[in-house]
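Each chain, letter by letter, is given below.
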Amino acid sequence: MLPFPVAQIFREAWVYHLTEQMTSVSKTYLLYAAICFTITTLCSCGHYPKDTQGTLDNAKNGTLRVGTTATTTASDSTLAVRFAQQLNASVDWVHKDQQYLSGQLSEYKIDMAIGGFTEDSPFKKIVGLTKPYRKDGKKKYVIAIPKGENAFLAKLEQFIDTYEAP
Amino acid sequence: MKHHEVYHNSRRHTLPDDLRPLYKKAVKLERWTIAYIISVVIIMYITMSSSQAMKAAWLEDVLSMVPAICFLVAGSYHDKDPNDRFPFGYHRAYSIAYQLGAFALLAIGVYIFYDSVSSLLKGERPTIGGIKVMGFYTWKGWLMIAALLWSALPAMLLGYKKINPAKKLHNKILFTDASTQKADWQTAAAAILGIIGIGFGWWWADSVSACFISLSVIYDGWKRTYGAVQDLIDEVPTLLETGGVHPLVKQVHETVTAHDSVKDARVRMREAGEIFFTEVFVILHNEDDLHTDIQSIKSGIRSLDWKMNDIVIVPVTQF
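Residues numbered from 1 in each chain as written. Chains lettered and ligands numbered in written order. Predicted model: local features only at pLDDT ≥ 70, side-chain atom pairs only at ≥ 80, totals over all residues. Heavy atoms only, no water.

Draft legend 1. Spatial organisation of the overall build of chain A. If you tally the helices and strands in chain A, you get six helices and seven strands. Listing each helix as α and each strand as β along chain A from the N terminus yields α-α-α-β-α-β-α-β-β-β-β-β-α. Pairs at least 24 residues apart make up 63% of the contacts formed inside chain A by residues separated by at least 6 positions. In the structure as shown, chain A presents an accessible area of about 9100 Å², 55% of it carried by carbon and sulfur atoms. (Helix = DSSP H or I, 4+ residues; strand = E, 2+ residues; numbered from the N terminus. Contact = heavy atoms within 4.5 Å. Areas by Shrake-Rupley, 256 points an atom, 1.4 Å probe, with all protein chains shown as cover.)

What follows is the structure, given as structure tokens:
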């Protein structure tokens, strides 16, 4: 019992020339195939997924606004600098505490905050979190970003994957 | 109560020979359904992350196991004979869990509606990252869409296969299960559109699609709860698909009034699982051959259909 009776679909489509004689199951499979095809064509043009506030596009070739805290290490800052270099952007530093930075992120006033944020951060309701970029014993450190900026998140996570801490 | 005080009018349910293989097929399909839904629940739970629409679809899928489980569990009760504690038999064993499941569905639908509308009003924006799949960084949204496709396509096929056995067996649970599975593609399609919307930057697409899903769940839950209530208050037997009065009701009346010794008759019937309980009130021309007449009326009705299990004939002088 195959969930995808491909041969059946093609046979019916050929024989009945896409008329009402096709079973409703085959019709729905074809509908799904059409949806998948449309999705692939739509998404191949332009960057996908997109940001809701255009964070990535604003940062590219522009300014990357980075928030730091008292617990930001030197290697954290280097990471941010390298990322900005990849975006061909200059860095604007904002140094405060996690609460202030989370507020700024939620208002889309800064692009990312690095320094002491972990996966179970109490601020995860108002900010987005990346995958861990550094492990320190049991703690997994992540970068906080504005919520809904999925293009920026993808770019940053891909950077994290390839980045090796000096 | 002492045994000699109780009469068991109905027998345990025995299907006619031509329907037995169909029942076995239905059991096999329902077992596959449960295994499949478990796989769906696990896969969707792993890929769910912060999508409201997926959460809605997941909850609906979890509850979709209830009719299948009911069918299999109640099946084992069906083989039991009526006894002194349960002189009317176990035919209604199906209905109980089904009713609970129907109400649970309605409650879940309302919850999802509340959850999705409040997240929409709060302006919550789903943040969906990526994961490495075979060395390639993949957006989790694609994985979610794949999980949703797995939750929909095999379900449709299973539902399609179960619908005919359900109709022939006149089994309400199997029928409801099959028809909701067939329509499963709508929920998955809505959730997929929601995720695609997120990808395009429309953060509200997810909550809106979750809202639509919740409305369809509420509608389903309401229909089923209403059906369960009708069942509880002994509605006359109905056809599965249309809900219209079952033709057997009229047939019984015609058969009885066609009998030589019957002057007039009134019939009242109700369903218990797939079995019909019948009570016939007859005015006879004369009561000379009372017992023979009643016996022949009874066997006449019984021979109409395999579902005519419990029959009571009451001679009266007026209605």
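Draft legend 2. Just empty space enclosed by the protein, in detail. Residue and element names in this part refer to chain B. Tallied over the entire structure, the rule returns four cavities of 30 Å³ or more. The volume enclosed by the largest cavity comes to roughly 40 Å³. Forming the walls of the largest cavity are Tyr-36, Ile-37, Val-40, Asp-61, Ser-64, Ser-151, Ala-155, Gln-181 and Asp-184. Among the elements of the structure, helix H1 (20-47) and helix H5 (140-169) are those that each provide at least two residues to the lining of the largest cavity. Here the lining of the largest cavity is built from residues that sort into four nonpolar, three polar and two charged. (1 Å grid on protein atoms, 1.4 Å probe; cavity = no way out; pocket = protein on both sides within 12 Å on 5 of 7 lines; lining within 4 Å. Points joined across faces, edges and corners; volume = space filled by probe spheres on them. Nonpolar A, V, L, I, M, F, W, Y, C, P; charged D, E, K, R; others polar.)

Draft legend 3. Representation of the sheet that holds strand S5 (residues 308-315) of chain B. Residue and element names in this part refer to chain B. Read across the sheet, three strands follow the order S3-S4-S5 without closing on themselves; strand pairing throughout is mixed. Looking at the sheet topology across the chains shown, the edges are occupied by strand S3 (262-272) and S5. Averaged over all pairs of adjacent strands, the angle between their axes in this sheet comes to 20°, without regard to strand direction. Pairing analysis gives 10 bridges linking S3 to strand S4 (residues 275-284), with the strands arranged antiparallel. When the bridges of S4 are listed, Arg-266 appears paired with Phe-281. Docked against the sheet, helix H9 (residues 247-258) engages S3, S4 and S5, running at close to 155° with respect to S3. (Pairing = 2+ DSSP bridges. Axes fitted to C-alpha atoms, helices over the stretch in contact; angles between N-to-C directions.)

Draft legend 4. Local environment of a positive patch on the surface. All names here are of chain B. Together, Lys-25, Lys-28, Lys-161 and Lys-168 give the surface a local cluster of positive charge. In this structure, Lys-161 sits in helix H5. By relative accessible area, Lys-161 is classed as partly exposed at 37%. (Patch = residues over 30% accessible without salt bridge, like charges linked within 9 Å, V, L, I, M, F, W, Y side chains within 5 Å. Salt bridge = Lys/Arg side-chain N within 4 Å of Asp/Glu carboxyl O. Lys, Arg positive; Asp, Glu negative; His and termini not counted. Charge placed at Lys NZ, Arg CZ, Asp CG, Glu CD. Buried < 20%, exposed > 50% of the residue type's maximum accessible area, 1.4 Å probe, protein only.)

Draft legend 5. Representation of the nonpolar core in the model. Core analysis: the largest hydrophobic core is formed by 46 residues, its most contacted members being A:Tyr32, B:Met44, B:Met54 and B:Leu148. Taken together, the elements giving at least two residues each to this core come down to helix H2 (24-44) of chain A together with H1, helix H2 (52-63), helix H4 (93-122), H5, helix H7 (184-199) and helix H8 (204-232) of chain B. The greatest single-element share of this core, amounting to 11 residues, is contributed by H5(B). In contact with A:Tyr32, other than residues within four places in its own chain, are B:Leu149, B:Ala152, B:Leu153, B:Trp185, B:Ala188, B:Ala189 and B:Ile192. Listed in part, the 23 residues of the second largest apolar core include A:Leu56, A:Ile145, A:Leu153 and A:Leu156. (Core = buried A, V, L, I, M, F, W, Y, C linked by side-chain atoms within 4.5 Å.)

Draft legend 6. Seen up close, the interface of chain B and chain A. Each side of the interface is counted separately: chain B has 31 residues, and chain A has 33 residues. Together chain B and chain A conceal approximately 2800 Å² of surface at their shared face, both sides included; 71% is due to carbon and sulfur atoms. One can count zero salt bridges joining chain B with chain A. Elements that contribute at least two residues to the side of chain B that touches chain A include exactly strand S1 (130-133), strand S2 (136-139), H5 and H7 of chain B. For the side of chain B that touches chain A, a count of residues per class yields 23 nonpolar, five polar and three charged. (Buried area = accessible area lost by both parts, 1.4 Å probe.)

Draft legend 7. Region of interest: the side chain of B:Asp115. Residue and element names in this part refer to chain B. Along the chain, Asp-115 falls in helix H4. With relative accessibility at 17%, the residue Asp-115 sits in the buried group. Residue contacts for Asp-115: discarding those within four places in its chain leaves Gln-52 and Lys-55.

Draft legend 8. Region of the structure containing the pairing of strand S2 (residues 90-95) of chain A. Residues and elements named next belong to chain A. Examined bridge by bridge, strand S1 (residues 63-68) and S2 share six bridges and lie parallel to one another. Bridging across to S2, Thr-63 finds its partner in Ser-90. Assessed by its sense of winding, the connection that carries the chain from S1 through helix H4 (residues 74-86) to S2 is right-handed. (Right-handed = clockwise from strand over helix to strand, strands pointing away.)

Draft legend 9. Geometry of H9(B). Residues and elements named next belong to chain B. For H9, built from 12 residues, the straight-helix expectation of 16 Å at 1.5 Å per residue is met to within 8% by its first-to-last C-alpha distance of 17 Å. For H9, the set of buried residues is Leu-248, Val-249, Val-252 and Val-256. Buried residues of H9, seen end-on, are gathered within an arc of 110° and therefore sit on one face of the element. When the buried face of H9 is taken as reference, the exposed residues oriented beyond 90 degrees from it are Lys-250 and Ala-258. Next to the buried residues of H9 lie S3, S4, helix H10 (290-302) and S5. (Expected span 1.5 Å × (residues − 1). Arc of directions from axis to C-beta.)

Draft legend 10. Fine view of the packing of aromatic side chains. Residue and element names in this part refer to chain B. For the structure shown, the criterion picks out 11 aromatic pairs over all chains. Ring geometry for Tyr-23 and Phe-71: centres 5.7 Å apart, planes at 50°, overall tilted. With a gap of 48 residues between them, Tyr-23 in helix H1 and Phe-71 in helix H3 (residues 65-78) connect regions that are remote in the sequence. Residue Phe-71 is classed as buried on the basis of its relative accessible area, which comes to 0%. (Phe/Tyr/Trp six-rings, centres within 6.5 Å; stacked < 30°, edge-to-face > 60°.)

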